[in-house]
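Remarks on the overall topology
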Amino acid sequence: FDRVLMLSEGRVAFSDVAGRMSEFYASLGKPPPPTANPAEYVVDLVSKDLQGAESVNALLDAWEEHESQVHVPAQTPLQPAEETASFCSQVFTLTKRAALLSVKEPILYTARICSFVFISVFFGIIYVSSRDQVQEQVLSRVFYLWWTSCCPSSLSAIAVFALNIEANVVRTEVKNGMYSPLAYIISNTVLQVPMMCVMSLALLVPSYAIGNWPWTEFGYT
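Anyway, here's the lowdown on the structure attached to this text. (Residues numbered from 1 in each chain as written. Predicted model: local features only at pLDDT ≥ 70, side-chain atom pairs only at ≥ 80, totals over all residues. Heavy atoms only, no water.)

Let's talk about the overall build of the protein
Secondary structure assignment for the protein yields nine helices and two strands. Each helix (α) and strand (β) of the protein, taken in turn from the N terminus, gives the series β-β-α-α-α-α-α-α-α-α-α. Against the globule reference of 17 Å for 221 residues, the protein gives a C-alpha radius of gyration of 36 Å, more extended than a compact globule. For the protein, the spread of C-alpha atoms along the principal axes amounts to about 110 × 40 × 30 Å. The buried share of the protein, taken over its 221 residues, is 29%. For the protein, the share of sequence-separated contacts (at least 6 apart) that also reach a separation of at least 24 residues comes to 57%. Carbon and sulfur atoms form 63% of the exposed surface of the protein, whose accessible area is close to 14,900 Å². For the protein, the centre of its 13 positive side-chain charges and the centre of its 20 negative side-chain charges are spaced 12 Å apart. (Helix = DSSP H or I, 4+ residues; strand = E, 2+ residues; numbered from the N terminus. Rg over C-alpha atoms; globule rule 2.2 N^0.38 Å. Buried < 20%, exposed > 50% of the residue type's maximum accessible area, 1.4 Å probe, protein only. Contact = heavy atoms within 4.5 Å. Areas by Shrake-Rupley, 256 points an atom, 1.4 Å probe, with all protein chains shown as cover. Lys, Arg positive; Asp, Glu negative; His and termini not counted. Charge placed at Lys NZ, Arg CZ, Asp CG, Glu CD.)

Dropping the structure here:
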């Protein structure tokens, strides 16, 4: 511990940094012995059962007098808060930070992009016969479409862990006035929208190529 509060008979016998306790009682002519524990020594020193009421009251009066001599600085007005960065500067800085985070934390985008390519190729090989646009392959084409739609969607749960940590950081930073929530939303949108397009292309281009899906419908998928 850093500070000590010693009480006796409902009064304060000492309240200060622990290292100053021995110094204070030494100034009163009652230094603790070199081999004694200062805390235990003072407990005995302010006990009326061991030292007597007159001696203890003298020590308590001495501390009250000492406290009255402590200089308390005058109250000063709080300094005005420093101006935060401009809105554009906030957006630029947050966008740069989000871009660096996407590089250092590949699970957010890079890992999912690679997973999307793998899923489309993997199930495309399994259902490669569905390239033939015949009645017998209708069910296979439906299954291929189902796998390439559901599996990538479920992988978005991977980003929940990383984004949860970021949400806690952002909540603290906004509370401290470092930037506005709107700047954070805009900066993340600037980065996430292009990345969502890249992930969509990573999934759809191989799927259309392997599954022989009609390219005329590519823009409507």
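That was the structure; now back to the text.
Re the pairing of strand E2 (residues 11-17)
Here strand E1 (residues 3-8) pairs with E2 via six bridges, running antiparallel. Bridging from a neighbouring strand, Met6 pairs with Phe14 of E2. Between E1 and E2, which pair antiparallel and follow one another directly, the connecting turn spans two residues, one of which, Glu9, has a positive phi of 55°. (Pairing = 2+ DSSP bridges.)

Considering the environment of Leu155
Mapped onto the elements of the fold, Leu155 is located in the loop between helix H7 (138-154) and helix H8 (158-175). The contact partners of Leu155, leaving out residues within four places of it in the chain, are Arg112, Ser115, Phe116 and Ile119.

Some details on H7
An ideal rise of 1.5 Å per residue puts 24 Å on 17 residues; H7 measures up with 25 Å between its terminal C-alpha atoms. Within H7 the residues assigned to the buried category are Ser140, Arg141, Tyr144, Thr148, Cys151 and Pro152. Within H7, the buried residues cover an arc of 120° as seen down the axis, which keeps them to one side. Looking at the buried residues of H7, the elements they touch are helix H6 (110-126) and helix H9 (181-211). (Expected span 1.5 Å × (residues − 1). Arc of directions from axis to C-beta.)

Notes on the packing of aromatic side chains
The full count for this structure, using the stated rule, is 13 aromatic pairs. Measuring from centroid to centroid gives 6.4 Å for Phe14 and Tyr25, while their planes differ by 40°, and the two rings are tilted. Here the residue Phe14 occupies a position in strand E2, and Tyr25 occupies one in helix H1 (residues 21-27), the gap between them amounting to 11 residues. Members of the aromatic cluster, joined through ring pairs, are Phe118, Phe122, Phe123, Trp146 and Trp147. (Phe/Tyr/Trp six-rings, centres within 6.5 Å; stacked < 30°, edge-to-face > 60°.)

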